[in-house]
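This is what each chain is made of:
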Amino acid sequence: MYQKVKGTYDLLPKDTAKWIAVERAIRNVSKLFNYKEIRTPIFEKTELFHRSVGDSSDIVSKETYDFLDRGNRSITLRPEGTAGVVRSYIENKIYAEASSISKMYYMGPIFRYERPQKGRYRQFSQFGAEMFGSNSPMADAEVISYAVSILKSLKINDVTVHINSLGGKESKMLYREALVKHLAPGINNLCGDCQTRYQNNPLRILDCKVDQENELLLNAPSTIDYLTNEDKTHFESVLAFLDVMKVDYVVDKNLVRGLDYYTNTVFEIKTSIANLGAQNTICGGGRYNNLVSDLSGPATPAVGFAFGFERLLLVLEALEYQGDIDYTHLFIIGLGDSVKEDVMQMTNRCRMGGLITETDLNNKNLKQQFKQSEINNARFIAIYGENEKLEGKINLKDKQNNTEVTIDKHQLYNYIVAELMKPAPSSCSSCGEEDSCDTCGGE
Ligand code: AMP
């Protein structure tokens, strides 16, 4: 018996409807914000991630899936989505296209060799978005409101945006100096990783999962106290734009984010919905104004975010979100060998006309085929046996309206389409009751 690799999971057919509903919500909201989809490879040259995400980040130093291909090239399964998108943006000279701003989103698998637990896998999926070409605080605010709008469209309202600013190069340098000074007396009491980070990238210490409750870290200076005037104004404007768009946020002075490339705004979206446990961050993002030029492209400001699909689905599960309900329009029950060809012909005709149609392929009896029609959540059930064949008729049940008719078999498709086009009975917009509503007094 083969088993799946540790940290991976199967998305089974019974669960894909929710997944597809999430994808659809993302695509719909992306359209409103005018973002277009980009699809880049799931593996890239290893050095791309070292150069972009950073050698000292956990995901590059400890968590990548690296391998040599048959041409002896070092390849890495992508541990995040931004690096590949930026590589593609530069390689395809998207920056040279007419509009100075490029907005794009991606969805797909991401690989990190992490310790698996609920909501944390080694292969997981992210949806992410990137906006290139604007340094305006309006862009930061738009990106954050885009992320929040996706959650709202899925009726996930219990979310908080945690936001902070790291500032640009100058602010980051000033802060680094202050942090190093603050950490110096106690650095030997921190974990081994933090002691290495102290040399290479002290900011990363604030992100340490081992020492996160250590007093030294809790009392560390805040990045926003070291912002240059320009960076401070930028941050305040982002907050003001969020205010006018009524996006709720809290300024979280300890938020630094785990990747090296962030400058200025960083943010995370958290939820208190119970079944996520420690993994309550469902989205993370920020501005990265130097990454395009660091990867040899023209200096281009950029801002983006990424959501974890699996965590979104866990939240939706807690909210008992059903997604799109799986259904078929029609199930054709054929009884007897002599009707099989007609059944195949009718099934095909209905499918070609756009009806989701299913039939039995395994010679099941009447009762078993009814059962199958239930499993497929069919609205119409057509029954076609040897008698019907002789008479050129077919029996049709409408499960929604609880009616049954016998019609000419050639009319099957037209009849169903006509029934599907009939307007649904009017219902109360407040509670869903039919016609004038006594339940809630609505209309
Ligand atoms: P990051 O790229 O680390 O900022 O992560 C962005 C989002 O991806 C997080 O907020 C999570 O929702 C999700 N995520 C990160 N790592 C994992 C993982 N190992 N398993 C599942 N989801 C993850």
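Residues numbered from 1 in each chain as written. Predicted model: local features only at pLDDT ≥ 70, side-chain atom pairs only at ≥ 80, totals over all residues. Heavy atoms only, no water.

### A word on the domain arrangement of the protein
What counts here: Each domain's extent was defined by an automatic or database domain assignment.
Domain annotation for the protein reports domain 1 (13-168 + 228-318) and domain 2 (328-421). Each of domain 1 and domain 2 has a C-alpha centre, and these two points are 47 Å apart.

### Some remarks on the site of the ligand
Note the following rule: Note on terminology: near, applied to a residue and a molecule or strand, indicates that one of the residue's heavy atoms is within 4 Å of it. Two N or O atoms form a polar contact when they lie within 3.5 Å of each other; inside protein one atom must be a possible hydrogen donor and the other a possible acceptor, and for residues adjacent in sequence the pair counts only when both atoms belong to side chains. Runs of E in the DSSP output that reach at least two residues are strands. Runs of H or I that reach at least four are helices, and both are numbered from the N terminus. Side-chain classes are defined by residue name, with Ala, Val, Leu, Ile, Met, Phe, Trp, Tyr, Cys and Pro counting as nonpolar, Asp, Glu, Lys and Arg as charged, and the others, Gly among them, as polar.
Around the ligand, the structure places 14 residues, and the nearest of them are Arg112, Glu114, Tyr121, Gln126 and Arg257. Between an oxygen atom of the ligand and a side-chain N or O atom of arginine 112, the distance comes to 2.8 Å. Cysteine 283 places a main-chain nitrogen or oxygen 3.4 Å from an oxygen atom of the ligand. The set of elements that each furnish at least two residues to the shell around the ligand consists of strand S6 (123-132), strand S10 (281-287) and strand S11 (302-308). Looking at the shell around the ligand, its residues break down into 5 nonpolar, 4 polar and 5 charged.

### Things to note about helix H6 (residues 169-183)
Two residues of an α-helix separated by three or four positions point the same way, owing to the 3.6 residues in each turn. Stated formally: By this rule, a helix spans an expected 1.5 Å times one less than how many residues it contains. Throughout, exposure labels follow a simple rule: accessible area from a 1.4 Å probe, protein chains only, divided by the maximum for the residue type, with under 20% read as buried, over 50% as exposed, and the rest as partly exposed. Arc definition: directions from the helix axis to the C-beta atoms.
Its 15 residues give H6 an end-to-end C-alpha distance of 21 Å, which sits within 8% of 21 Å, the value for a rise of 1.5 Å per residue. Those residues of H6 that fall on the buried side of the exposure criterion are Ser171, Tyr175, Ala178, Leu179 and Leu183. For H6, the angular spread of the buried residues around the axis is 130°, confining them to a single face. In H6, those exposed residues whose orientation departs by more than 90 degrees from the buried face are Lys169, Glu170, Met173, Glu177 and Lys181.

### With respect to the pattern of salt bridges
To keep things clear, this is the line we draw: One speaks of a salt bridge when a side-chain nitrogen belonging to Lys or Arg is within 4 Å of a carboxyl oxygen belonging to Asp or Glu.
Scanning all chains against the criterion turns up 18 salt bridges. Note that arginine 351 and glutamate 358 form a salt bridge whose closest N and O atoms lie 3.3 Å from each other. For arginine 351, a relative accessible area of 39% corresponds to the partly exposed category. The class for glutamate 358 is partly exposed, based on a relative accessible area of 26%. Note that aspartate 398 is salt-bridged to arginine 379, the shortest N-O span being 3.0 Å. With aspartate 398 in strand S15 (residues 393-398) and arginine 379 in strand S14 (residues 378-384), this pair connects stretches of sequence that are 19 residues apart.

### Notes on the pairing of strand S3 (residues 65-68)
The side chains of a regular strand alternate between the sheet's two faces. Spelled out, the test is: Following DSSP output, two strands are said to pair if at least two bridges run between them.
Here S3 runs beside strand S4 (residues 74-77); their pairing, made up of 4 bridges, is antiparallel. Considered in S4, the bridge of leucine 68 is made with serine 74. Count of turn residues in the S3/S4 antiparallel hairpin: 5 residues, of which asparagine 72 carries a positive phi of about 65°.

### Some points on the sheet that holds strand S5 (residues 102-111)
Rules: For this analysis, residues touch if any pair of their heavy atoms sits within 4.5 Å. Helix axes are fitted to C-alpha atoms over the stretch in contact, other axes to C-alpha atoms as well, and angles between N-to-C directions run from 0 to 180 degrees.
Spatially, S1-S5-S6-S11-S10-S9-S7-S8 is the arrangement adopted by the 8 strands of the open sheet, whose pairing is mixed. Sheet topology places strand S1 (36-37) and strand S8 (249-251) at the edges, where each strand pairs with a single neighbour. Here S10 pairs with S11 via 5 bridges, running antiparallel. Paired with cysteine 283 across the bridge in S11 is phenylalanine 307. Lying on the sheet, helix H5 (residues 137-153) is in contact with S5, S6, strand S7 (159-165), strand S9 (263-271), S10 and S11; it crosses S11 at an angle near 15°.

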